[in-house]
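Take a look at the letters that make up each chain.
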Amino acid sequence: MLAYIIWDISPNVITIDFFGASLPIHWYSLLFASSFLVGQALLSFIFRSDGVAVSKVESLLLYMVVATVIGTRVGHYLFYEWELLVAQPWDWFLSMISLPFYGLASHGATITILWALYLYTRHPDNPPFLWLADRIVIAVALGGALIRLGNLFNSEIYGKPTDLPWGFVFVRETDFNLFPLVPRHPTQLYEAFFCLFLFAFTFYLWKYKRHTLPEGAITGLFMILLFGFRFMIEFLKTPQEGFENNMLLNMGQWLSMPAILTGLMILFYAQKHKLVTSKTHLMKN
């Protein structure tokens, strides 16, 4: 039996020569983009099943793409590069908008996606906020699994050393002059598998319980489970930034706590008000 798994996969799918310049196409970029395409197909199926015009998915997708890109990018620099903001605000801004986009924070996307959904649902012809959020999280869970696979191809966000037989040796991140080959927890896979579980769980709730569950229940459960797992998995991860080395809880854990609290509040609100949108209302709009 292998004592560990050697991971030496190139992060590039292919490199294209473009007018004399090399343009690498990354696995992460393809998987990131695929998360929106898969999400669009999934939401189209859900909207069609609920009797809602599928054409609404196209405008919704635009909101989600813009919110995700802005949220993940700003979130990274706000949560993990804030010292640069204080010291050199202009350099902070230039780094944030520079290409390629290295450095994305999922907690930032959580904030901007919820805000984008609020703006989208303000239009009277669009479905209500909680009804829509309960369906968006299904696509988000599946997209999260794809993005974490992208992190695996990038050999990033990996875990601490382990002697478990499924430990990964991230060769491209190993300095052979300083460190030996050290198997580490493949935390990217742990999170990808959990996202697949969340996808199956939320899809099941929508498929079989949506006519009895109050609006917001699926969203609340999703946030509690996702960020509860994120809080726990961070104990296995290596620090992403140097300032986290001396912290009792790392930045990901601190950011997960208000997200869990938000999920609890949404679940409490859902149970208290028990709103259920009628199919007639949705078809009318």
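Residue positions are given per chain, counting from 1 as you read along its sequence in written order. Under the rules for a predicted model, residues below a pLDDT of 70 receive no local features and side-chain atom pairs below 80 are neither given nor counted, while totals for whole chains, interfaces and linings still include all residues. Heavy atoms from the whole structure form the basis of all side-chain values; hydrogens and water molecules are not counted.

## Concerning helix α9 (residues 251-273)
Residues separated by three or four positions in an α-helix point in the same direction, a consequence of the helix having 3.6 residues per turn. The test is simple: Helix and strand definitions follow DSSP, with helices as H or I runs of at least four residues and strands as E runs of at least two, each counted in order from the N terminus. Under the convention used throughout, the expected extent of a helix is 1.5 Å for every residue step, that is, one less than its residue count. Partly exposed describes any residue whose relative accessible area lies between the buried limit of under 20% and the exposed limit of over 50%, with all areas from a 1.4 Å probe on protein chains only and scaled to the type maximum. Whether two residues are in contact is decided by their heavy atoms, any of which lying within 4.5 Å being enough. Whenever a nitrogen or oxygen atom comes within 3.5 Å of another N or O atom, the pair is scored as a polar contact, on the condition that within protein one atom can donate a hydrogen and the other can accept it, and that pairs from neighbouring residues in sequence are kept only if both atoms are in side chains.
Between the first and last C-alpha of α9 there are 34 Å, a value that for 23 residues agrees with the 33 Å anticipated at 1.5 Å per step. Turning to α9, its buried residues number three or more, namely Met 251, Gly 252, Gln 253, Leu 255, Ser 256, Ala 259, Ile 260, Gly 263, Ile 266, Leu 267 and Ala 270. Turning to α9, the residues buried within the fold contact α2 (56-79), α5 (106-121), α6 (129-153) and α8 (217-233). Taking the backbone nitrogen of Gly 252 as reference, a side-chain oxygen 3.1 Å away marks Asn 250 as the first, capping residue of α9. Lys 274 sits one or two positions beyond α9 and adopts a positive phi of about 50 degrees.

## Focus on the packing of aromatic side chains
Definition in use: Only Phe, Tyr and Trp rings are paired, with Trp represented by its six-membered ring, and only when their centres lie within 6.5 Å; those with planes under 30 degrees apart are stacked, over 60 edge-to-face, the remainder tilted.
Under the definition given, this model contains 19 aromatic pairs. Residues Phe 32 and Phe 36 carry aromatic rings whose centres are separated by 5.5 Å and whose planes lie at 70 degrees to one another, so their mutual orientation is edge-to-face. Of this pair, Phe 32 and Phe 36 both sit in helix α1 (residues 27-49), four residues apart, which is roughly one turn of that helix. The residues Phe 32 and Phe 36 share a single accessibility class, namely buried.

## Quick look at the nonpolar core
Stated precisely, the cut-off is as follows: Grouping buried Ala, Val, Leu, Ile, Met, Phe, Trp, Tyr and Cys residues that are joined through side-chain atoms within 4.5 Å yields what is termed a nonpolar core.
Leu 43, Phe 47, Leu 60, Leu 117 and Leu 132 are the most contacted members of the largest nonpolar core, which has 38 residues in total. Broken down by secondary-structure element, the contributors of at least two residues to this core are α1, α2, α5, α6, α7 (187-209), α8 and α9. When residues of this core are assigned to their parent elements, the largest contribution, eleven residues, is made by α6. Counting nine residues, the second largest nonpolar core, distinct from the first, contains Leu 31, Tyr 158, Phe 168 and Leu 189.

## Examining the pattern of salt bridges
This is how it is decided: Salt-bridge detection follows one rule: a side-chain nitrogen of Lys or Arg within 4 Å of a carboxyl oxygen of Asp or Glu.
Taken as a whole and judged by the stated rule, the model has seven salt bridges. Salt-bridge contacts for Asp 50 lead to Arg 135; the nearest nitrogen and oxygen are separated by 2.8 Å. Highlighted residues: Asp 50 in the loop between α1 and α2 and Arg 135 in helix α6, separated in sequence by 85 residues. Here the two residues Asp 50 and Arg 135 agree in accessibility, since each one is buried. Arg 210 is paired through a salt bridge with Asp 50; the nearest N and O atoms lie 2.8 Å apart. A residue pair is termed long-range when its members are at least 10 positions apart, and Arg 210 in the loop between α7 and α8 and Asp 50 in the loop between α1 and α2 qualify at 160 residues.

## With respect to the packing of α6 against α8
Note the following rule: A fitted line through C-alpha atoms represents every axis, and for helices the fit uses only the stretch in contact; the resulting angles, taken between N-to-C directions, go from 0 to 180 degrees. Note that the term roughly parallel is reserved for angles under 35 degrees, roughly antiparallel for angles over 145, roughly perpendicular for angles of 65 to 115, and oblique for everything else. Gly counts as polar in this scheme, as do all residues outside two lists: the nonpolar Ala, Val, Leu, Ile, Met, Phe, Trp, Tyr, Cys and Pro, and the charged Asp, Glu, Lys and Arg.
Close contact between α6 and α8 brings their axes to 7 Å; oriented N to C, the two are set at 30 degrees. Accordingly, the angle class assigned to the pair α6 and α8 is roughly parallel. Residues Leu 130, Ala 133, Asp 134, Val 137, Val 140, Ala 141 and Arg 148 of α6 touch α8, and the partners they reach there are Ala 217, Ile 218, Thr 219, Phe 222 and Arg 230. Looking at the contact of α6 with α8 residue by residue, the class counts come to eight nonpolar, one polar and three charged.

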